[in-house]
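Residue-level structural notes
Residue strings, one per chain:
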Amino acid sequence: MVMFLYDTMWWVVLSTATAVSGFEMDNNHQDKDSTDQSDLVSEDGKNVKSVLCQRCGSKVLCPGMAAFTEKELFLPSMRKKSGLSSTEGSVDGDTLTAHWLVDDMYTFENVGFTNDVGRIKYLICADCEIGPIGWHCLDDKKCFYIALERVNHV
């Protein structure tokens, strides 16, 4: 586990690889995965394909390690470091419903966690630090969500 300070937030990184500094994201990598969800979910509700970071291609989850679930969760927008701003009282983002649910943080191949934001930790790619790609509420120790729209599937 690696901890480091990025601007004013602490990041905790769990990774099978080394964390790389930087928060740049090319807009070409923001395209959402247009694959039909039925191609991604097995008969028993697990992920059929590997889950990868949209920016750097780092593996987040291996096939069969997460369950598909639908739950409305708000995730702040994924942006370049230069696009981040501290607008008072408002945060740009998306309410997403399709997620991979993981019940143990050590199931991930490569993921980082932000410092607490209220009772929430956001999940990021531990290699390129782009995110948030997911969400975790501190009140529920066994629920880690990865938004299908924020990752690629191969």
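Residues numbered from 1 in each chain as written. Predicted model: local features only at pLDDT ≥ 70, side-chain atom pairs only at ≥ 80, totals over all residues. Heavy atoms only, no water.

Selection criterion: UniProt positions are given in the numbering used here, feature names are shortened, and annotations may be inferred rather than shown by experiment.
As annotated in an unreviewed UniProt entry, the protein carries the name Guanine nucleotide exchange factor MSS4 and is attributed to Betta splendens. The Subunit (unreviewed entry) comment attached to the protein in UniProt states, word for word, "Interacts with RAB8A."

**Topic: the sheet that holds strand β11 (residues 151-153)**
Rules: For two strands to be treated as a pair, DSSP must find no fewer than two bridges joining them. Under the scheme used here, helices are H or I runs from DSSP no shorter than 4 residues and strands are E runs no shorter than 2 residues, and both carry numbers assigned from the N terminus. Between N-to-C directions, angles span 0 to 180 degrees; the directions come from axes that are lines fitted to C-alpha atoms, helices contributing only their stretch in contact.
A sheet is described by the order of its strands in space; here three strands give the open sequence β4-β3-β11, paired in antiparallel fashion. Taken across any chain shown, the strands that pair with only one partner, and hence form the sheet edges, are β4 (59-61) and β11. Within the sheet, the average angular offset between the axes of one strand and its neighbour, ignoring direction, is 40 degrees. One ladder, built from three bridges, connects strand β3 (residues 51-53) with β11; its direction is antiparallel. Paired with Cys 53 across the bridge in β11 is Val 151.

**Overview of the environment of Cys 56**
Just so we agree on the cut-off: Relative accessibility thresholds used throughout: buried, under 20% of the residue-type maximum; exposed, over 50%; partly exposed, between the two (1.4 Å probe, protein chains only).
Along the chain, Cys 56 turns up in the loop between β3 and β4. Residue classification places Cys 56 among the partly exposed positions, given a relative accessible area of 38%. Taking the C-alpha atoms as reference, Cys 56 lies 9.6 Å from Glu 129; in sequence the two are 73 residues apart.

**A few points about the nonpolar core**
Applied cut-off: What is meant by a nonpolar core is a set of buried Ala, Val, Leu, Ile, Met, Phe, Trp, Tyr and Cys residues, joined one to another through side-chain atoms within 4.5 Å. Pairs of residues are marked as contacts when any of their non-hydrogen atoms sit within 4.5 Å.
In terms of nonpolar packing, the biggest core is built from 17 residues, with Val 51, Val 60, Leu 61, Trp 100, Phe 108, Leu 123 and Ile 146 touching the most fellow members. Breaking this core down by element, the ones donating at least two residues are β4, β6 (93-102), β7 (110-114) and β10 (144-147). In terms of residues, this core owes the most to one element, β6, which gives three residues. When near neighbours in sequence (up to four residues on either side) are disregarded, Leu 123 contacts Phe 108, Val 111, Gly 112, Phe 113, Pro 132, Ile 133, Gly 134, Trp 135, His 136, Phe 144, Tyr 145 and Ile 146. Residues Trp 135, Cys 143, Tyr 145 and Ala 147 belong to the second largest nonpolar core, which totals 10 residues.

**Considering the pattern of salt bridges**
Spelled out, the test is: We count a salt bridge whenever a side-chain nitrogen from Lys or Arg sits within 4 Å of a carboxyl oxygen from Asp or Glu.
Applying the stated criterion across every chain, the model contains three salt bridges. The residue Arg 150 makes a salt bridge to Asp 94 at a minimum N-O spacing of 3.1 Å. Linking Arg 150 in the loop between β10 and β11 with Asp 94 in strand β6, this pair joins segments that are 56 residues apart in sequence. Under the relative-accessibility criterion, Arg 150 is labelled buried at 5%. Between Asp 139 and Arg 119 there is a salt bridge whose closest N-O contact spans 3.1 Å. One end of the pair, Asp 139, is in the loop between β9 (134-137) and β10; the other, Arg 119, is in the loop between β7 and β8 (120-124), with 20 residues separating them in the sequence. Its relative accessible area of 58% is what places Asp 139 among the exposed residues. Arg 119 sits in the partly exposed class, given a relative accessible area of 45%.

**Here we look at the packing of aromatic side chains**
Stated precisely, the cut-off is as follows: Stacked, tilted and edge-to-face are the three classes assigned to paired rings of Phe, Tyr and Trp, where Trp is represented by its six-membered ring and a pair needs centres within 6.5 Å; plane angles under 30 degrees give stacked, over 60 edge-to-face, the rest tilted.
For the coordinates displayed, the defined rule picks out four aromatic pairs. On the basis of an interplanar angle of 85 degrees and a centroid distance of 6.3 Å, the ring pair of Phe 108 and Phe 144 is categorised as edge-to-face. Pair noted here: Phe 108 is in the loop between β6 and β7 and Phe 144 is in strand β10, with a separation of 36 residues, a long-range link. The pair Phe 108 / Phe 144 is uniform in exposure class, with both members buried. The interplanar angle of 75 degrees and the centroid separation of 5.9 Å between the aromatic rings of Phe 113 and Phe 144 together place this pair among those described as edge-to-face.

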